[in-house]
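Structure assessment
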Amino acid sequence: QVQLVESGGGLVQAGGSLRLSCAASGRTFSMNVMGWFRQVPGKEREFVAAITWRGGRTNYADSVKGRFTISRDNAKSTVYLQMNSLKPEDTALYYCAARSSATQSYDVWGQGTQVTVSS
């Protein structure tokens with residue numbers, strides 16, 4: 001089993017920055033990709049960014065390209081999401097997720113951390 005714990009959310013003014021962290025524990029070797037997703041009440045969860053544990057290959061949603069940066073620290077089994085130039089529309093509950101090497105689907109999810117951007 002893999003467990004994920006997010007931290008770093010909070011309230012920030014538009015134009016500000018936040019860094020989210022996702023600490024993974026357990027059978028992390030079974031996961032090949034880590035992703036960040038976000039969800040607003042009444043809307044579907046949307047993809048934000050992803051990174052491979054090996055190689056650090058990244059992928060971003062168009063809405064965050066150039067503003068958000070995903071990174072990982074393999075030694076700490078931790079993934080980060082640096083969010084700059086935040087906008088009110090970035091307000092959401094942000095989730096960390098781990099994609100299984102076996103199923104190639106995001107099987108494990110964290111509890112979420114709230115990000116609120118005021119205008």
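For the structure, see preceding data.
Below or above, wherever it landed, is the structure these notes cover. These numbers were taken from a predicted model, which means no experiment stands behind them.

Scoring rules and cut-offs
Residues numbered from 1 in each chain as written. Predicted model: local features only at pLDDT ≥ 70, side-chain atom pairs only at ≥ 80, totals over all residues. Heavy atoms only, no water. Helix = DSSP H or I, 4+ residues; strand = E, 2+ residues; numbered from the N terminus. Rg over C-alpha atoms; globule rule 2.2 N^0.38 Å. Buried < 20%, exposed > 50% of the residue type's maximum accessible area, 1.4 Å probe, protein only. Contact = heavy atoms within 4.5 Å. Core = buried A, V, L, I, M, F, W, Y, C linked by side-chain atoms within 4.5 Å. Pairing = 2+ DSSP bridges. Axes fitted to C-alpha atoms, helices over the stretch in contact; angles between N-to-C directions.

1. Here we look at the overall build of the protein
A tally of helices and strands in the protein yields zero helices and eleven strands. Ordering the α and β elements of the protein from the N terminus gives β-β-β-β-β-β-β-β-β-β-β. Relative to the 2.2 N^0.38 estimate, which gives 14 Å for 119 residues, the radius of gyration of the protein is 14 Å and therefore close to what a compact globule would have. Sorting the 119 residues of the protein into buried and exposed places 43% on the buried side. Counting only contacts in the protein whose residues sit at least 6 apart along the sequence, the fraction spanning at least 24 positions is 54%.

2. A closer look at the nonpolar core
One finds Leu4, Met34, Trp36, Leu81, Met83 and Tyr94 to be the most contacted residues of the largest nonpolar core, which totals 30 residues. At the level of elements, strand S1 (2-7), strand S3 (18-26), strand S4 (31-39), strand S5 (46-52), strand S7 (68-73), strand S8 (78-83), strand S9 (92-100) and strand S11 (113-118) are the ones that each hand at least two residues to this core. What Leu4 contacts, discounting residues up to four positions off in sequence, is Cys22, Ala23, Ala24, Met34, Cys96, Ala97, Ala98, Val108, Trp109, Gly110 and Gln111.

3. Notes on the sheet that holds S3
The sheet built from four strands is open, its strands ordered S1-S3-S8-S7 with antiparallel pairing. Every interior strand has two partners, whereas the edge strands, S1 and S7, have only one. Put simply, the sheet's adjacent strands are angled 15° from each other on average, direction ignored. As judged from the six bridges shared by S3 and S8, these two strands associate in the antiparallel manner. Bridge pairing in S8 links Leu20 to Leu81.

4. Quick word on the environment of Asn32
With respect to the helices and strands, the residue Asn32 is situated in strand S4. Linking Asn32 and Ser101, residues 69 residues apart in sequence, is a C-alpha distance of 5.4 Å. Excluding residues that lie within four positions of it along the chain, Asn32 makes contacts with Ile51, Thr52, Trp53, Arg99, Ser100, Ser101 and Gln104.

5. Side note on the side chain of Thr52
Secondary-structure assignment places Thr52 in strand S5. Relative accessible area serves as the criterion here: at 11%, Thr52 is assigned to the buried category. Those residues in contact with Thr52 that sit more than four places away from it in its chain are Asn32, Val33, Arg57 and Arg72.

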